[in-house]
Amino acid sequence: QVQLVESGGGLVQAGGSLRLSCAASGRTFSSYAMGWFRQAPGKEREFVAAITRSGGNTYYADSVKGRFTISRDNAKNTVYLQMNSLKSEDTAVYYCAADNQYPSSSYYLRQPGLYDYWGQGTQVTVSS
């Protein structure tokens, strides 16, 4: 089992940057593909970014491509989401998630229902 704890959220002005972190418990972090998702009030949870077990491949939603970067440090059991050029529409609760059941492909890693473990979320608010 994996426990995930997000941090790094907060209030930032449009155009600013934030870096989210997700710390995982356990000794098998490198066996999990990791994803970031977000949920705004009144909206469904949506895919933001994902990274494969080794970190060799990354995937992004079109809405964040070129602005956000996902990375991981398997030695520190941590996955990161660097968010630049933030927009008001990026305001949401951001969640990290872990999966070790499905192939690490773009198709599977974009689907929130396939992830086994979730963090509690961290609020990101972008003021315009």
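Structure: see above.
Residues numbered from 1 in each chain as written. Predicted model: local features only at pLDDT ≥ 70, side-chain atom pairs only at ≥ 80, totals over all residues. Heavy atoms only, no water.

Caption draft 1: Inspection of the pattern of salt bridges at higher detail. Applying the stated criterion across every chain, the model contains four salt bridges. With a closest N to O distance of 2.9 Å, D90 and R38 form a salt bridge. Of the two residues, D90 sits in the loop between strand 8 (78-83) and strand 9 (92-99) while R38 sits in strand 4 (residues 33-39), which places them 52 residues apart along the sequence. The exposure class assigned to D90 is buried, which follows from its relative accessible area of 0%. Under the relative-accessibility criterion, R38 is labelled buried at 5%. Between R67 and D90 there is a salt bridge whose closest N-O contact spans 2.8 Å. Of the two residues, R67 sits in the loop between strand 6 (58-60) and strand 7 (68-73) while D90 sits in the loop between strand 8 and strand 9, which places them 23 residues apart along the sequence. No difference in accessibility class separates R67 from D90, as the two residues are buried. In this structure, a network of salt bridges that share partners links the residues R38, E46, R67 and D90. (Salt bridge = Lys/Arg side-chain N within 4 Å of Asp/Glu carboxyl O. Helix = DSSP H or I, 4+ residues; strand = E, 2+ residues; numbered from the N terminus. Buried < 20%, exposed > 50% of the residue type's maximum accessible area, 1.4 Å probe, protein only.)

Caption draft 2: Representation of the state of the cysteines. Counted according to the given criterion, the structure contains one disulfide. The partner cysteine of C22 in its disulfide is C96, sulfur to sulfur 1.9 Å. Judged by the sign of its S-S torsion, about 50°, the cystine formed by C22 and C96 is right-handed. Residue C22 is found in strand 3 (residues 18-24), and its partner C96 is found in strand 9; the two are separated by 74 residues along the sequence. Since its relative accessible area comes to 0%, C22 is described here as buried. (Disulfide = S-S within 2.5 Å.)

Caption draft 3: Focus on the packing of aromatic side chains. By the definition in use, this model includes eight aromatic pairs. Both rings, one in F37 and one in F47, keep their centres 5.8 Å apart while their planes meet at 70°; by these two values the pair is edge-to-face. Of this pair, F37 sits in strand 4 while F47 sits in strand 5 (residues 46-51), placing them ten residues apart in sequence. Here Y107 and Y108 contribute two aromatic rings whose centre-to-centre distance is 5.1 Å and whose plane-to-plane angle is 80°, an arrangement assigned as edge-to-face. Residue classification places Y107 among the exposed positions, given a relative accessible area of 56%. For Y108, a relative accessible area of 28% gives the class partly exposed. Through pairs of rings, three or more aromatic residues link up here, namely F37, F47, Y95, Y115 and W118. A cation over a ring is seen here: R45 above Y95, with NZ or CZ 3.8 Å from the ring centre. (Phe/Tyr/Trp six-rings, centres within 6.5 Å; stacked < 30°, edge-to-face > 60°. Lys NZ or Arg CZ within 6 Å of the ring centre and 35° of its normal.)

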